[in-house]
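So the chains spell out like this:
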Amino acid sequence: MPLKCGIVGLPNVGKSTLFNALTSAKVLAANYPFATKDPNIGVITVPDERLDKLNEIVQPKSLVPTTVEILDIAGLIKGASKGEGLGNQFLANIREVDAIVHVVRCFENDNVIHVDGSVDPVRDKEIIDTELIFKDLETLEKRLEKLRKQAKTNKKEDLQNVETAGQIIAHLEQGKPARSFPYNEFQEELYKDLHLLTAKSILYVCNVDETAVVEGNEHTQRFMEAVKDEPAEIILVCAGIEEEIAQLDDMEERIEFVQEMGLSEPGVNRLIMASYKLLDLITYFTAGEKEVRAWTIKRGTKAPGAAGVIHTDFEKGFIRAEVIKYDDYVKFGSEAAVKEAGKMHVEGKEYVVKDGDCMHFRFNV
């Protein structure tokens, strides 16, 4: 299954506008709550200059980039954890994603109604955090009952699990998301098995107007101060402008538009790469006359697992991997030249694939 990021936030903060910019889709981006009733799903291409360079060198018949799946999830309001608004649907959709892209509104515009009457990104974040924490506490209380029953045998591991669950509950009750809970190696298994909503990796997107897209504004400064202790990344994006850029068909016009804003690349490119990083993904390549292709794997994946992304038979019958470092491929200009220079490496089952590896798998089924 493809890895997914879910775009979340209060109603009218710019989620659907950002989704449009990311996918060049034309979903409803209306000026009222719940414009998105079902999660819109888009598959977005991950920009990678390395793939373009390999395409230039190899000149294959086809070029296939890697992708990330993005869900635009209905806006949440206070009381969502109790089913208010579209709360039950919102929470169910969040459970499906691997990481969260949380959009907060950091722009003033009297023509765009804010569901709570004023612009305050810190308050907005806390509303969503609170609802997710309430749901996690509900999950934990149920799990704690089972853990206490198991602990009646006085097994050390079961007693530790009860203690860990209690510590996580205390952490959440302080208004802190589970992702900031400092678990140790003995607590890790239970922590991950809980699948808490606030344990998911998060990227904050401050949706600003075009005057603040480079240096931010008072809203973004306050927001950054509020989340400084969280293990999260923050980027500034003007969703409305990004949607305009995405609608331009001519690439030169897009580049000119971006440069006029004082940026080196579109904000959506930074968002996509940040989402990719958030999911702890890396890219390896296959390159041949028929196709140059980027493949997505989790960081730390060994060679047989990487081969299995192409086809399960590759993993089952894995013999070895022939590996060329991307920089060597570019330096020598062809696979043949790399081999001649002795820069192709033959690796076995324990090889951990590196970001940018160009690979060819030998297998036998």
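Look a little higher up for the structure.
Residues numbered from 1 in each chain as written. Predicted model: local features only at pLDDT ≥ 70, side-chain atom pairs only at ≥ 80, totals over all residues. Heavy atoms only, no water.

Draft legend 1. View of the sheet that holds strand E6 (residues 201-207). Read from one edge of the open sheet, six strands run E2-E4-E1-E5-E6-E7, paired in mixed fashion. Where the open sheet ends on each side, the last strands, each with one partner, are strand E2 (40-45) and strand E7 (233-237). When the angles between neighbouring strand axes are averaged without regard to direction, this sheet yields 25°. By the bridge criterion, four bridges tie strand E1 (residues 4-8) to strand E4 (residues 67-72) in an arrangement that is parallel. The residue of E4 that forms the bridge with Lys-4 is Glu-69. Running over the sheet, helix H1 (residues 15-23) touches E1, E2, E4, strand E5 (99-105), E6 and E7 and is turned about 40° from E2. (Pairing = 2+ DSSP bridges. Helix = DSSP H or I, 4+ residues; strand = E, 2+ residues; numbered from the N terminus. Axes fitted to C-alpha atoms, helices over the stretch in contact; angles between N-to-C directions. Contact = heavy atoms within 4.5 Å.)

Draft legend 2. Spotlight on the pattern of salt bridges. Throughout the structure, instances matching the rule amount to 21 salt bridges. A salt bridge links Asp-120 to Arg-222; the shortest N-O distance between them is 3.3 Å. On the criterion of sequence distance, the pair formed by Asp-120 in the loop between E5 and helix H4 (121-150) and Arg-222 in helix H7 (residues 218-226) is long-range, its members being 102 residues apart. Measuring nitrogen to oxygen at the nearest pair gives 4.0 Å for the salt bridge that ties Glu-322 to Arg-320. Looking at Glu-322, the relative accessible area reads 9%, which means it is buried. Taking relative accessible area as the criterion, Arg-320 reaches 32% and is therefore assigned partly exposed. Put simply, Lys-125, Asp-129, Arg-179 and Glu-230 are held in one network by salt bridges that share partners. (Salt bridge = Lys/Arg side-chain N within 4 Å of Asp/Glu carboxyl O. Buried < 20%, exposed > 50% of the residue type's maximum accessible area, 1.4 Å probe, protein only.)

Draft legend 3. Structural context of helix H8 (residues 239-246). When you tally the buried positions in H8, you get six out of eight residues, the bulk of the element. Within H8, burial applies to Ala-239, Ile-241, Glu-242, Glu-243, Ile-245 and Ala-246. Looking at the packing, one finds that the buried side of H8 touches H1, E6, E7, helix H9 (251-260) and helix H10 (267-278).

Draft legend 4. Examining a negative patch on the surface more closely. On the surface, a cluster of negative charge is contributed by Asp-249, Asp-250, Glu-252, Glu-253, Glu-256 and Glu-260. Along the chain, the position of Asp-250 falls in the loop between H8 and H9. (Patch = residues over 30% accessible without salt bridge, like charges linked within 9 Å, V, L, I, M, F, W, Y side chains within 5 Å. Areas by Shrake-Rupley, 256 points an atom, 1.4 Å probe, with all protein chains shown as cover. Lys, Arg positive; Asp, Glu negative; His and termini not counted. Charge placed at Lys NZ, Arg CZ, Asp CG, Glu CD.)

Draft legend 5. Molecular detail of the packing of H1 against H10. Orientation of H1 relative to H10, taken along the N-to-C sense of each, is 90°, at an axis distance of 10 Å. Between H1 and H10, the angle is such that the two are roughly perpendicular. Of the residues in H10, those in contact with Leu-18, Ala-21 and Leu-22 of H1 are Val-268, Leu-271 and Ile-272. The residue makeup of the contact of H1 with H10, split by class, is six nonpolar, no polar and no charged. (Parallel < 35°, antiparallel > 145°, perpendicular 65-115°, else oblique. Nonpolar A, V, L, I, M, F, W, Y, C, P; charged D, E, K, R; others polar.)

Draft legend 6. The environment of Glu-108, seen in detail. Here Glu-108 is to be found in the loop between E5 and H4. C-alpha separation for the pair Glu-108 and Asp-120, spaced 12 residues apart in sequence, amounts to 9.9 Å. When near neighbours in sequence (up to four residues on either side) are disregarded, Glu-108 contacts Val-119 and His-219. Within the structure, the side chain of Glu-108 is placed 3.0 Å from the side chain of His-219, a separation counted as a polar contact. (Polar contact = N/O pair within 3.5 Å; in protein donor to acceptor, adjacent residues only side chain to side chain.)

Draft legend 7. The side chain of His-219, seen in detail. For His-219, the position within the fold is in helix H7. The contacts of His-219, once residues within four sequence positions are left out, are Cys-106, Phe-107, Glu-108, Val-119 and Pro-121.

Draft legend 8. Region of interest: unusual backbone geometry. Of note in the backbone geometry, Asn-12 takes a positive phi value of approximately 65° without being a glycine. For Asn-12, the location among the structural elements is in the loop between E1 and H1. For Asn-12, a relative accessible area of 14% translates into the label buried. Despite not being glycine, Asn-154 shows a phi value in the positive range, around 65°.

Nothing here speaks to function; it is geometry throughout.
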